[in-house]
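If you want the building blocks of each chain, they are given just below.
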Amino acid sequence: MDRALVEIMLTASIMCIMAFAVASASAQYGCLAAAMTGASSNEMHYSVVRAIIDAASEAKAGGSSVSVVLLLPSKIAINAEAGNITTAFLGEAHSYASFLCVSGAGFSNAFNVTGMPDGTVTISPLQ
């Protein structure tokens, strides 16, 4: 076989292998990015739920209203009504049903969570 033809075939083969490696790595990094987005969204949701439960339990234990300021690294949408807490962050929505009477809504990275001794919790965004 001609030396030039062999070099062209080897170059084409190496380019095909590299294209396959790039496509595979791209798919893996795409899955990793989706997993990290989901994990971040879950963490933000649980931070909100944790703040609500903390405010309610401290108010119940102390016998007076308690305000907790929730500072988050990014903006999140919160909608809470009749014990159902829904958060939306990075395009993923999460919901949590609670025994507490929770109300309030907003889109911010800072929220004031006020718990009352009777078990009601109010969420309001800080400006």
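None of these values were measured; they are calculated from a predicted model. (Residues numbered from 1 in each chain as written. Predicted model: local features only at pLDDT ≥ 70, side-chain atom pairs only at ≥ 80, totals over all residues. Heavy atoms only, no water.)

(A) A look at the overall build of the chain. A count of helical and extended segments in the chain gives 1 helix and 5 strands. Relative to the globule expectation of 14 Å for 127 residues, the C-alpha radius of gyration of the chain, 25 Å, shows a markedly less compact shape. Here the chain holds 127 residues, and 29% of them are scored as buried. Counting only contacts in the chain whose residues sit at least 6 apart along the sequence, the fraction spanning at least 24 positions is 54%. Only carbon and sulfur atoms are counted for the fraction: they give 65% of the accessible area of the chain, which is about 7,900 Å². Here the chain contributes 4 positive and 8 negative side-chain charges, whose respective centroids are spaced 4 Å apart. (Helix = DSSP H or I, 4+ residues; strand = E, 2+ residues; numbered from the N terminus. Rg over C-alpha atoms; globule rule 2.2 N^0.38 Å. Buried < 20%, exposed > 50% of the residue type's maximum accessible area, 1.4 Å probe, protein only. Contact = heavy atoms within 4.5 Å. Areas by Shrake-Rupley, 256 points an atom, 1.4 Å probe, with all protein chains shown as cover. Lys, Arg positive; Asp, Glu negative; His and termini not counted. Charge placed at Lys NZ, Arg CZ, Asp CG, Glu CD.)

(B) Looking closely at a nonpolar patch on the surface. Residues Tyr-29, Leu-32 and Met-36 make up a contiguous nonpolar surface patch of about 370 Å² in total accessible area. Mapped onto the elements of the fold, Met-36 is located in helix 1 (residues 3-62). A relative accessible area of 53% means that Met-36 is categorised as exposed. (Patch = residues over 30% accessible without salt bridge, like charges linked within 9 Å, V, L, I, M, F, W, Y side chains within 5 Å. Salt bridge = Lys/Arg side-chain N within 4 Å of Asp/Glu carboxyl O.)

(C) Geometry of the environment of Asn-42. Along the chain, the position of Asn-42 falls in helix 1. For Asn-42, a relative accessible area of 30% gives the class partly exposed. When the C-alpha positions of Asn-42 and His-94 are compared, they lie 7.6 Å apart, and in sequence the two are 52 residues distant.

(D) Structural view of the pattern of salt bridges. Applying the stated criterion to the full structure yields 2 salt bridges. With a closest N to O distance of 3.3 Å, Glu-7 and Arg-3 form a salt bridge. Of this pair, Glu-7 and Arg-3 are both found in helix 1, 4 residues apart, which corresponds to roughly one turn of the helix. The salt bridge involving Glu-43 is made with Arg-50; its shortest N-O contact spans 3.4 Å.

(E) Geometry of the confidence of the model for the chain. With 99% of its residues at a pLDDT of 70 or more, the chain shows a mean pLDDT of 85. Helix 1 is the least confidently modelled element of the chain, averaging 83 in pLDDT, while strand 5 (residues 120-125) averages 91, the highest of any element. (pLDDT = per-residue confidence, 0-100.)

(F) Molecular detail of helix 1. Here helix 1 is 60 residues long and its end C-alpha atoms lie 87 Å apart, about the 88 Å a rise of 1.5 Å per residue gives. Those residues of helix 1 that sit buried are Gly-38, Ser-41, Met-44, His-45, Ser-47, Val-48, Val-49, Ala-51, Ile-52, Ala-55, Ala-56 and Ala-59. The positive-phi residue at the C-terminal boundary of helix 1 is Gly-63, with phi of around 80°. (Expected span 1.5 Å × (residues − 1).)

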